[in-house]
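What the coordinates show
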Amino acid sequence: MNAVTRGTRLEKAVLVGVIHGDATRASVDDSLNELEMLADTAGAEIVDRVVQSLAKIHVATYIGKGKVQEIKEIVGSKEIDLVIFDDDLTTVQIRNLERTLKCKLLDRSALILDIFAANAKTATSKTQVELAQLEYLRTRLTRQWTHLSRQKGGIGFKGPGETQIETDRRLIGTRIATLRKRLIKIDNQRTTQRKGRKGYKRVSLVGYTNAGKSTLMNALAETDVWAEDRLFATLDATTRQVKVASNKTILLSDTVGFIRKLPHRLIESFKSTLDEVRESDVLLHVVDMTHHCFRDHIVVVKRTLEELGATDIPMIYVFNKVDALKDATVLNELRADYEEAAFISAQRGIGMQEVRDKIVSTLEATFSQLEVLIPVTEPKTMSRIRQMAEVISEEYVYARNGSEEVEPFLAAHLVFKIGDENKNEILSLIRPFGEYITVELAE
Ligand SMILES: Nc1nc2c(ncn2[C@@H]2O[C@H](COP(=O)(O)OP(=O)(O)OP(=O)(O)O)[C@@H](O)[C@H]2O)c(=O)[nH]1
Ligand SMILES: [Mg+2]
């Protein structure tokens with residue numbers, strides 16, 4: 001997509017990965033495969049890959065001198081426009097490498113930011129991406145770009161980068177402050193919006209990018225949310241009503257996908273979008289089980305959820321793309337490992353009823369049913385219960401505490417369902433009324 005909008009030809013890129021610390025050849029290869037997908041999404045043509053095994057990272061150039069020379073030769077002989085490192089580089093490393101390689105240099109964060117910039121469609125996501133980009137640029141203002149044609153654009157040069165890079169730290173600081181203020185305003189608006197949705201249970205789709213979240217959203221909500229074989233197709237949170245049972249409608253939200261090494265500042269600036277996730281009653285964790293790295297993807301998603309503070313929310317695993325699965329052993333293993341999971345094809349609409357049923361049962365599981373007699377002289381307690389709980393039945397009866405000497409009094413016999421999060425408060429409220437019993441009055 002970007003390649004088309006950028007005209008003439010795809011930018012040619014070389015990828016660079018380093019085996020260091022816990023990384024193995026295989027894990028670096030997987031990560032580079034993903035970097036390749038990211039670069040492809042951004043509109044680059046991957047011409048070559050360079051991998052180096054390092055006991056120690058070089059402070060000045062990240063990789064060793066010999067490797068830098070090797071890349072330099074590739075850049076020259078294959079007319080490379082762009083060198084992309086799989087790890088984040090320091091300002092000094094970028095400067096030194098650019099000086100030697102004489103071509104554009106990006107690290108993984110910058111590439112992801114670039115894709116986000118290209119995919120940001122709404123005012124909110126544009127603001128969020130711009131903020132993340134400026135935070136990134138601010139730490140790299142000493143870049144020497146003089147040998148590059150900065151105006152030509154291309155990967156890593158979209159969005160505010162083209163103009164803001166030339167302004168000084170102070171200007172960027174001012175812009176960042178403005179964007180932050182704007183985001184606080186958006187945050188407040190969203191909070192108000194969410195309050196207006198009270199009464200509905202909220203379910204969010206989470207998962208690795210390209211897992212099929214938007215496709216599942218469409219299948220469940222019978223709507224048309226943008227789904228595409230592209231990383232980070234969705235950046236904004238979309239919420240739809242979904243009927244999960246004949247008498248139960250929930251709100252389902254689709255949002256931005258996760259990826260390895262998602263820049264922390266992106267998570268920071270997408271906080272208001274991701275609040276949707278944090279405040280959900282249930283999470284649907286969508287996994288593309290046809291991807292050979294899907295187990296790593298699950299780990300990355302879980303870690304990102306930890307970072308968001310969303311680990312206490314009940315989660316349903318939804319293994320997607322069962323239609324495209326070539327290896328039955330994967331399915332057998334998964335069924336054993338994840339007994340509660342749903343196995344579906346969002347694209348073909350297979351397993352949709354199972355997903356709906358699991359949503360209903362998971363929502364039910366987070367509720368307790370309580371029964372209590374509240375004297376009519378306690379209207380405050382009654383109204384608090386009505387606010388927090390789902391009242392199933394309400395009947396007026398006569399009651400008294402154990403003692404025969406006390407005159408029976410009118411009380412409401414309430415049966416209600418209460419979510420775990422409010423259970424303790426309700427229990428302490430109704431404790432004083434726990435002793436009452438219903439009495440039948442003599443004619
Ligand atoms: N074979 C197959 N492909 C699927 C299925 N569900 C989704 N896809 C494809 O997977 C790709 C990604 O789907 P999306 O729904 O855009 O994925 P997403 O998780 O929303 O991705 P991002 O928004 O980019 O994070 C698309 O090309 C879909 O057509 C499925 O059940 N089977
Ligand atoms: Mg999507």
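**Some details on the overall build of the chain**
Each helix and strand counted, the chain has 16 helices and 14 strands in total. By the burial criterion, 40% of the 443 residues in the chain qualify as buried. Of all intrachain contacts in the chain linking residues separated by at least 6 positions in sequence, the fraction that spans at least 24 positions is 72%.

**Some points on the packing of helix H15 (residues 379-388) against helix H16 (residues 420-430)**
Between H15 and H16, whose axes approach to 11 Å, the crossing angle comes to 160°. Considered as vectors, H15 and H16 are oriented roughly antiparallel to each other. Crossing geometry of H15 relative to H16 is assigned as left-handed. Between H15 and H16, the residues in contact are Thr381, Arg384, Ile385 and Met388 and Asn422, Ile426, Leu429 and Ile430, respectively. For the contact of H15 with H16, the residue count by class is five nonpolar, two polar and one charged.

**Some words on the nonpolar core**
Core analysis: the largest hydrophobic core is formed by 91 residues, its most contacted members being Ala39, Val83, Ile84, Leu111, Ile112 and Val318. Top element by residues in this core is helix H5 (residues 108-119). It accounts for eight residues. Both of domain 1 (2-164) and domain 2 (199-364) provide at least three residues apiece to this core. Once residues lying within four places of it in the same chain are set aside, the contact partners of Ala39 are Ala13, Leu15, Ala44, Ile46, Ile84 and Leu111. Leu373, Ala399, Leu414 and Ile418 belong to the second-largest nonpolar core, a separate cluster that totals 14 residues.

**Some details on the pairing of strand S13 (residues 409-419)**
Pairing analysis gives nine bridges linking strand S11 (residues 367-375) to S13, with the strands arranged antiparallel. Residue pairing for S13: Ser368 is matched across the bridge by Ile418. Bridging between strand S12 (residues 390-400) and S13 involves nine bridges; their strand directions are antiparallel. What sits directly across from Tyr396, in S13, is Ala412.

**Re the sheet that holds strand S9 (residues 315-320)**
Read across the sheet, six strands follow the order S6-S7-S5-S8-S9-S10 without closing on themselves; strand pairing throughout is mixed. Two strands close off the open sheet at either side, each with one partner strand: strand S6 (238-245) and strand S10 (342-343). Strands in contact with helix H9 (residues 213-221) are strand S5 (201-207), S6, strand S7 (248-254), strand S8 (282-288) and S9; relative to S7, the strand with the most contacts, it is inclined by about 155°. Relative to S6, helix H14 (residues 352-365) is tilted by about 90°, and along the sheet it contacts S5, S6, S7, S8, S9 and S10.

**Quick look at the pairing of strand S4 (residues 104-107)**
A regular strand carries its side chains on alternate faces of the sheet. Side chains Lys104 and Leu106 project from S4 onto one buried face, and the interleaved Leu105 and Asp107 project onto a second face that is buried too. Note that the unit made of strand S3 (residues 82-85), helix H4 (residues 91-101) and S4 has a crossover that is right-handed.

**Comments concerning the confidence of the model for the chain**
Here the chain shows a mean pLDDT of 84. Residues at 70 or above account for 87%. Segment residues 1-7: pLDDT under 50, and nine contacts once partners within four positions in sequence are set aside and those in other chains are kept. Note that residues 143-152 has pLDDT below 50 and, in this model, eleven contacts with residues that lie over four places away or in other chains.

Criteria and thresholds
- Residues numbered from 1 in each chain as written.
- Chains lettered and ligands numbered in written order.
- Predicted model: local features only at pLDDT ≥ 70, side-chain atom pairs only at ≥ 80, totals over all residues.
- Helix = DSSP H or I, 4+ residues; strand = E, 2+ residues; numbered from the N terminus.
- Buried ≥ 20, exposed ≤ 12 C-beta atoms within 10 Å, placed from the backbone.
- Contact = placed C-beta atoms within 7 Å.
- Axes fitted to C-alpha atoms, helices over the stretch in contact; angles between N-to-C directions.
- Parallel < 35°, antiparallel > 145°, perpendicular 65-115°, else oblique.
- Left-handed = near helix turned anticlockwise from the far one by under 90°.
- Nonpolar A, V, L, I, M, F, W, Y, C, P; charged D, E, K, R; others polar.
- Core = buried A, V, L, I, M, F, W, Y, C linked by C-beta atoms within 7 Å.
- Domains from an automatic or database assignment.
- Pairing = 2+ DSSP bridges.
- Right-handed = clockwise from strand over helix to strand, strands pointing away.
- pLDDT = per-residue confidence, 0-100.

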